[in-house]
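Each chain, written out:
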Amino acid sequence: WGVIDLTGKFVIQLQSDFVIFYFKCSVAQIRKNSMAGYQGGLMDKTGKILLDPNTSGLMFESDFNKNCIAEFKKDNRYGLITSLGKIIVEPIYSRSSGLNDAGVTYYKDGSVIKLDGSGKKK
């Protein structure tokens, strides 16, 4: 997988280690296959790895929303991360309604937390 610009020039050379998904919020989610599924990471438009899929332990559950927030899983728990790779909601929730532009509802041990699309409590 690689990235070319509109003129057909390679901006990011072909990679065999991982899959590069489309760019949104100035980054692309990248994924590396592993025995447990896939490991997720982030790459900027120059090809610089911002979050290494080899060591992150993250599995992306959504694309970035309009606030440049994405949902991820780590150790089978849900959390939220920014397009800069900053975790804004730690992965402690056992169930998720699924993140969208309006927000997400998380469940843990019988309690419910509702967050808006930027990851703040409603």
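The paragraphs below set out a description of the structure included in this document. Within each chain, residue numbers correspond to sequence positions counted from 1 in written order. Totals for whole chains, interfaces and linings use all residues, but because this is a predicted model, local features are given only for residues with pLDDT of at least 70 and pairs of side-chain atoms are given and counted only at 80 or more. Side-chain metrics in this entry use all non-hydrogen atoms of the structure; hydrogen atoms and water are not considered.

Moving on, we come to the pairing of strand β9 (residues 77–82). When accessible area is computed with a 1.4 Å probe and restricted to protein chains, residues below 20% of their type maximum are described as buried, those above 50% as exposed, and intermediate ones as partly exposed. Runs of E in the DSSP output that reach at least two residues are strands. Runs of H or I that reach at least four are helices, and both are numbered from the N terminus. In terms of burial, β9 is a largely internal element, five of the six residues being buried. Relative to β9, strand β8 (residues 69–74) runs antiparallel, the two being bridged by six bridges. Directly across from I69, in β9, lies its bridge partner T82. Linking two consecutive strands that pair antiparallel, namely β8 and β9, is a turn of two residues; a positive phi of about 55° is found at D75 within it. For two strands to count as paired, DSSP must find a minimum of two bridges between them. As judged from the three bridges shared by β9 and strand β10 (residues 87–93), these two strands associate in the antiparallel manner. Opposite Y78, over in β10, you have Y93 as the bridge partner. Turn length for the β9-β10 hairpin, with the two strands adjacent in sequence and antiparallel, is four residues, and the turn residue G85 shows positive phi of about 90°.

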